[in-house]
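# Results of the structural survey
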Amino acid sequence: MEDRGVAALARALQDRRLSSRELTEAALARIGREDTALNAFITVTPELALAAAAAADARLARGEGGPLTGVPIAHKDIFCTRGVATTCASRMLAGFVSPYDAAVVERLAAAGAVCLGKTNMDEFAMGSSNETSFFGPVRNPWDLERSPGGSSGGSAAAVAAGLVPAATGTDTGGSIRQPAALCGITGLKPSYGRVSRYGMIAFASSLDQAGVLAHSAEDTALLLEAMAGFDPRDSTSADMPVPRYTAELGRPLAGRRIGVPPEFFDAGLDADCGARVQEALAVLRGLGAELVEVSLPHLALSVPTYYIVAPAEASSNLARFDGVRFGHRSKAAGSIEELYKRSRQEGFGAEVRRRIMTGTYVLSAGYYDAYYLQAQKVRRLIAGDLRSAFAKVDVIAGPTTPTPAFRLGEKTGDPVQMYLNDIYTIAVNLAGVPGISVPCGFARGLPVGLQLIGPAFGEAAVLNVAHQYQCATDWHRRQPPAQPAGAAR
Ligand code: GLN
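In what follows, the accompanying structure is described. Nothing here was measured: the structure is a model prediction, and the numbers come from that model. (Residues numbered from 1 in each chain as written. Predicted model: local features only at pLDDT ≥ 70, side-chain atom pairs only at ≥ 80, totals over all residues. Heavy atoms only, no water.)

### Description of the overall build of the protein chain
Along the protein chain, the regular secondary structure elements total 16 helices and 11 strands. For 489 residues, the compact-globule estimate of 2.2 N^0.38 gives 23 Å, and the C-alpha radius of gyration of the protein chain, at 21 Å, lies within 12% of that figure. If one aligns the C-alpha atoms of the protein chain with their principal axes, the spans along those axes are about 65 × 50 × 45 Å. In the protein chain, of all internal contacts separated by at least 6 residues, the share reaching a separation of at least 24 is 76%. When the accessible surface of the protein chain is split by element, carbon and sulfur atoms take 55% of a total near 17500 Å². Positive and negative side-chain charges in the protein chain, numbering 48 and 48 respectively, have mean positions lying 2 Å apart. (Helix = DSSP H or I, 4+ residues; strand = E, 2+ residues; numbered from the N terminus. Rg over C-alpha atoms; globule rule 2.2 N^0.38 Å. Contact = heavy atoms within 4.5 Å. Areas by Shrake-Rupley, 256 points an atom, 1.4 Å probe, with all protein chains shown as cover. Lys, Arg positive; Asp, Glu negative; His and termini not counted. Charge placed at Lys NZ, Arg CZ, Asp CG, Glu CD.)

This is the structure we're talking about:
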């Protein structure tokens with residue numbers, strides 16, 4: 001619904017038709033009623049939220065508010081929040097209260113957004129279903145028996161269910177776009193380096209990027225403008241000006257060239273999802289865009305490449321959680337070596353341990369050349385495919401996921417099936433380019449996502465195409481049924 005979105009709420013706040021206190025109280029009440037069923041939040045911070053809302057109302061009363069002043073949001077629990085538990089959905093970080101704010105948290109707070117709490121996720125952002133969380137799975141508001149996707153599943157479910165108008169997420173291989181698609185909302189992974197990673201707990205540092213989950217491209221553009229920009233505390237953050245994304249949304253699609261890679265429409269794509277994406281392409285053509293076939297010949301190698309590069313980086317990043325300097329400390333250890341082993345064994349869940357072992361193996365002497373170095377070469381080929389395609393087109397379009405939301409438990413026994421969920425999203429991370437998922441209809445009653453990919457730092461183009469599509473369709477306004485109050489699952 002339009003009135004659930006950031007842009008509409010911000011207008012109501014600025015016109016003083018609504019106060020941030022009213023909005024925040026209503027959102028907190030709704031979380032209290034409905035989140036028992038969804039499990040989208042790990043931590044809710046009512047006192048901090050109400051204090052921030054009061055400050056926002058005071059600014060609005062003085063006529064000083066900006067476009068996000070007083071708007072409630074939530075942060076994925078991978079972002080450090082000063083004075084608030086930051087768990088990364090892991091037992092390893094249970095009890096950790098961050099002494100500082102992540103850059104994303106800082107910037108959105110400075111823009112006046114009111115943080116309601118921290119959302120559930122896959123442990124250390126490793127997963128595609130939100131089932132690896134130490135705090136239990138999140139449920140998809142469209143069907144509580146199904147996964148909301150992952151790893152930003154808590155943010156996606158919270159936005160889709162209307163608990164909060166927008167939330168942050170992170171995307172290393174699809175973790176913003178895939179849950180956005182499965183929950184019927186809009187999710188943007190910006191270009192690598194567009195948003196600071198300072199204070200965002202690292203999974204795979206050459207792939208991780210912070211982004212937005214919201215109802216519309218317009219709402220996403222508003223948040224991205226506040227989040228993006230150079231940060232000297234992140235050496236990979238890009239020292240480039242941030243465009244006014246909202247100012248580019250209205251550009252007509254006539255003359256835009258949209259690339260369609262046949263590799264996105266392979267045998268693994270569910271027929272109903274494929275049909276919805278084709279219908280969306282027809283809408284874009286009807287709006288004046290020219291559809292052009294482009295080829296991504298190495299797309300099929302993106303999942304195996306990712307599952308070498310990402311675990312390698314994860315094994316290195318997660319070495320710091322040793323029970324001494326960081327993280328859970330086992331009480332059962334007799335020696336220092338036993339302390340490391342037991343603390344890590346008790347603190348990390350099965351999927352995280354699997355990634356650490358894979359990563360350590362592919363980086364070990366004797367296997368480094370065969371696996372890690374080879375994967376880096378294939379990564380370059382995949383990035384090259386996208387670069388060649390963007391010489392011909394402005395944006396690439398295709399499905400976000402091969403299927404709609406799957407049942408909880410359906411893929412937990414088979415990691416490879418779980419990994420294949422990201423077949424259409426991972427290349428975007430390997431190449432460092434931006435990608436957005438927007439709702440484009442339903443398959444068997446479940447939301448389907450259209451993915452739009454841009455060249456590096458081409459966020460304005462993907463947001464423009466997404467917004468024009470949303471002006472012509474209303475899939476992004478569809479809402480799941482409200483959850484029965486207090487219905488614990
Ligand atoms: N599903 C992928 C994984 O498990 C991607 C996760 C992510 O983007 N954080 O690694």
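### Notes on helix H7 (residues 217-227)
Counted residue by residue, H7 has nine buried out of 11 residues, so it is predominantly covered. Residues of H7 that are buried: Ala217, Asp219, Thr220, Ala221, Leu222, Leu223, Leu224, Ala226 and Met227. (Buried < 20%, exposed > 50% of the residue type's maximum accessible area, 1.4 Å probe, protein only.)

### Comments concerning the site of the ligand
Around the ligand, the structure places 15 residues, and the nearest of them are Gly173, Ser175, Tyr306, Arg355 and Asp422. Contacts to the ligand include Ser151, whose side-chain N or O atom sits 3.5 Å from a nitrogen atom. In this structure, Tyr306 approaches the ligand through a side-chain N or O atom, which is 2.6 Å from an oxygen atom. Burial of the ligand by the protein chains amounts to 100% of its free accessible area of 290 Å². (Near = heavy atom within 4 Å. Polar contact = N/O pair within 3.5 Å; in protein donor to acceptor, adjacent residues only side chain to side chain.)

### So, the packing of helix H2 (residues 20-38) against helix H3 (residues 46-61)
Where H2 contacts H3, the axes come no closer than 8 Å and their chain directions differ by 160°. With respect to H3, the axis of H2 lies roughly antiparallel. As H2 runs across H3, the sense of the crossing is right-handed. Only Pro46, Ala49, Leu50, Ala53, Ala56 and Asp57 of H3 make contact with H2, whose side of the interface consists of Ser20, Arg21, Thr24, Glu25 and Leu28. (Axes fitted to C-alpha atoms, helices over the stretch in contact; angles between N-to-C directions. Parallel < 35°, antiparallel > 145°, perpendicular 65-115°, else oblique. Left-handed = near helix turned anticlockwise from the far one by under 90°.)

### Let's talk about the packing of helix H1 (residues 6-14) against H7
Put simply, H1 and H7 touch, their axes get as near as 8 Å, and they point 70° apart. As far as their axial angle goes, H7 and H1 are roughly perpendicular. Within the contact between the two elements, H1 uses Val6, Ala7 and Arg11 and H7 uses Glu218, Asp219, Leu222 and Leu223. Of the residues assigned to the contact of H1 with H7, the class counts are four nonpolar, no polar and three charged. (Nonpolar A, V, L, I, M, F, W, Y, C, P; charged D, E, K, R; others polar.)

### Section: the pairing of strand E2 (residues 72-76)
On a regular strand, each side chain points to the face opposite its neighbour's, so the side chains alternate between the two faces of the sheet. Counted residue by residue, E2 has five buried out of five residues, so it is predominantly covered. Here E2 runs beside strand E3 (residues 114-119); their pairing, made up of four bridges, is parallel. From the neighbouring strand, Pro72 faces E3, where its bridge partner is Val114. After leaving E2, the chain enters helix H4 (residues 103-110) and then returns to the sheet as E3, a path that is right-handed. (Pairing = 2+ DSSP bridges. Right-handed = clockwise from strand over helix to strand, strands pointing away.)

### Looking at the environment of Leu420
With respect to the helices, strands and loops of the structure, Leu420 is situated in the loop between helix H14 (415-419) and helix H15 (426-431). Here the alpha-carbon distance between Leu420 and Pro304, two residues 116 residues apart in the chain, equals 9.4 Å. The contacts of Leu420, once residues within four sequence positions are left out, are Val303 and Pro402.

### Digging into the nonpolar core
With 116 residues, the main nonpolar core has Leu108, Phe124, Leu223, Leu284, Ile396, Leu450 and Leu452 as its most contacted residues. If one sorts the elements of this core by residue count, helix H10 (residues 302-317) sits on top with eight residues. Setting aside residues up to four positions removed in sequence, Leu450 forms contacts with Val277, Ala280, Leu284, Ala397, Gly398, Thr400, Ile436, Ser437, Val438 and Cys440. Counting residues in hydrophobic clusters, the runner-up holds 28 residues, among them Phe41, Ala53, Val114 and Ala158. (Core = buried A, V, L, I, M, F, W, Y, C linked by side-chain atoms within 4.5 Å.)

### Observations concerning H4
Within H4 the residues assigned to the buried category are Ala103, Val104, Val105 and Leu108. Looking at the residues trailing H4, positive phi occurs at Gly112, about 100°.

### Topic: the pattern of salt bridges
Counted by the stated rule, this structure contains 20 salt bridges. We note a salt bridge from Glu34 to Arg30, for which the minimum N-O separation is 3.0 Å. In this pair, Glu34 and Arg30 both sit in helix H2, four residues apart, roughly one turn of the helix. Exposure remark for Glu34: the relative accessible area of 4% places this residue in the buried category. In this structure, the salt-bridge partner of Arg233 is Glu106, at a minimum N-O distance of 2.9 Å. Of this pair, Arg233 sits in the loop between H7 and helix H8 (245-248) while Glu106 sits in helix H4, placing them 127 residues apart in sequence. Ionic contacts of the salt-bridge type, sharing partners, join the residues Glu106, Asp231 and Arg233 into one network. (Salt bridge = Lys/Arg side-chain N within 4 Å of Asp/Glu carboxyl O.)

### Some details on the packing of aromatic side chains
Enumeration over the complete set of coordinates arrives at 15 aromatic pairs. Pairing Tyr306 with Tyr307 gives two aromatic rings, centres 4.7 Å apart and planes at 75°, and the pair type is edge-to-face. Where Tyr361 meets Tyr367, the ring centres are 4.5 Å apart and the plane angle is 25°; that geometry is what we call stacked. Take Tyr367: its relative accessible area is 36%, and that puts it in the partly exposed class. Here the aromatic residues Phe124, Phe321, Phe326 and Phe348 are joined through ring pairs into a cluster of three or more. Above the ring of Tyr198, the side-chain terminus of Arg233 is found at 4.0 Å from the ring centroid. (Phe/Tyr/Trp six-rings, centres within 6.5 Å; stacked < 30°, edge-to-face > 60°. Lys NZ or Arg CZ within 6 Å of the ring centre and 35° of its normal.)

### Regarding the side chain of Thr400
Its place among the elements puts Thr400 in the loop between strand E9 (395-399) and H14. At 2.8 Å, the side chain of Thr400 and the side chain of Ser437 are in polar contact. Setting aside residues up to four positions removed in sequence, Thr400 forms contacts with Arg177, Gln178, Ala181, Tyr424, Thr425, Ser437, Gly449, Leu450 and Gln451.

Bear in mind that shape data such as this cannot, by itself, settle questions of function.
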